[in-house]
Amino acid sequence: DVRRLVLLACLFFAVVLGAVVLHFGHTDSNGSTPVATVSSSPAQVARLQSAIADVQSASSGAQAELTTLTPFPTPPRVATIVNPYVDSLHLYDTLAATVTVPARARGAAQAAATEVRADMTFLRTINGLPSIQLGAFISEFLARSTQLQQTMDTLQHALAPAAA
């Protein structure tokens with residue numbers, strides 16, 4: 001009988017829906033939804049601070065090399081300067097994804113992560129870049145790397161333990 005089959009299907013759907021609501025909609029006795037607390041370890045924060053220092057060092061080095069480049073830079077020469085910086089950004093991004101930062105630094109960490117990923121995407125455009133666009137690329141690199149250094153400084157300060 002079709003009606004019995006439809007009724008059983010509706011009953012089954014209601015039971016499954018009820019189980020899902022109970023599982024995901026569970027609240028504490030005070031009526032609030034439970035929140036998992038995640039703590040950061042000093043060792044994790046120290047590793048992240050070291051990665052930030054590496055990014056800033058690589059950024060400063062690349063900026064210095066690009067500003068002293070001969071009057072006729074080529075994409076391959078610029079790539080040899082920029083690629084170590086890209087590597088440091090990639091290492092930072094990989095490490096940052098595994099570190100739980102203190103609550104006071106989460107906004108700054110998110111801003112840094114967003115900038116790092118955008119910069120890596122931009123910097124990869126050096127591969128296959130026409131020479132005519134090299135000046136604009138270098139100018140954009142200098143602006144982006146300066147901004148990222150400021151963002152990393154903000155993150156470093158946010159990661160520093162609060163003074164007692």
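Bear in mind the structure is a predicted one, so any value in this text is a computation, not a measurement.

S.K.: Can you tell me about the environment of G107, naming the residues and giving the values?
M.R.: Relative to the helices and strands, G107 resides in helix 4 (residues 106-123). Here G107 falls in the exposed class, since its relative accessible area comes to 51%. Each C-alpha atom of the pair G107 and A158 lies 9.1 Å from the other, and the pair is 51 residues apart in sequence.

S.K.: Provide a residue-level description of the environment of I52, including the pertinent values.
M.R.: Note that I52 resides in helix 2 (residues 42-67). Along the chain, I52 and Y92 lie 40 residues apart, while their C-alpha atoms are 6.9 Å from each other. Those residues in contact with I52, other than ones at most four positions away along the chain, are Y92, M152, L155, Q156 and L159.

S.K.: I'd love a proper account of helix 2, names of residues and values included.
M.R.: With 26 residues, helix 2 should cover 38 Å at 1.5 Å per step; its first-to-last C-alpha distance of 37 Å lies within 8% of that length. Looking at helix 2, one finds that the buried residues are Q44, V45, L48, A51, I52, V55, Q56, S59, A62, Q63 and L66. Packed against the buried residues of helix 2 are helix 3 (75-96) and helix 5 (134-159).

S.K.: Tell me about helix 4, residues and numbers included.
M.R.: Since there are 3.6 residues in each turn of an α-helix, residues three or four apart along the chain are aligned in direction. Taking 1.5 Å of rise per residue, the 18 residues of helix 4 would be expected to cover 26 Å, and the 25 Å separating its terminal C-alpha atoms lies within 8% of that figure. Among the residues of helix 4, those classed as buried are A108, A109, A112, A113, V116, D119, M120, F122 and L123.

S.K.: Residues and numbers for the environment of F122, please.
M.R.: By secondary structure assignment, the location of F122 is in helix 4. The residues contacting F122, other than those within four sequence positions of it, are F137, E140, F141 and R144.

S.K.: Explain the side chain of S59 residue by residue, including any values.
M.R.: Structurally, S59 can be placed in helix 2. Those residues in contact with S59, other than ones at most four positions away along the chain, are Y85, S145 and Q149.

S.K.: Report on the packing of aromatic side chains, specifying residues and quantitative values.
M.R.: Enumeration over the complete set of coordinates arrives at two aromatic pairs. Where Y85 meets F141, the ring centres are 5.4 Å apart and the plane angle is 90 degrees; that geometry is what we call edge-to-face. Separated by 56 residues along the polypeptide, Y85 in helix 3 and F141 in helix 5 bring together distant segments of the chain. Across the pair, F141 and Y85 agree in class, each one buried. Relative to F137, the ring of F122 lies with its centre 4.8 Å away and its plane at 20 degrees, an arrangement referred to as stacked. Within this pair, whereas F122 is found in helix 4, its partner F137 is found in helix 5, the two being separated by 15 residues in sequence. For F122, a relative accessible area of 14% gives the class buried.

Scoring rules and cut-offs
Residues numbered from 1 in each chain as written. Predicted model: local features only at pLDDT ≥ 70, side-chain atom pairs only at ≥ 80, totals over all residues. Heavy atoms only, no water. Helix = DSSP H or I, 4+ residues; strand = E, 2+ residues; numbered from the N terminus. Buried < 20%, exposed > 50% of the residue type's maximum accessible area, 1.4 Å probe, protein only. Contact = heavy atoms within 4.5 Å. Expected span 1.5 Å × (residues − 1). Phe/Tyr/Trp six-rings, centres within 6.5 Å; stacked < 30°, edge-to-face > 60°.

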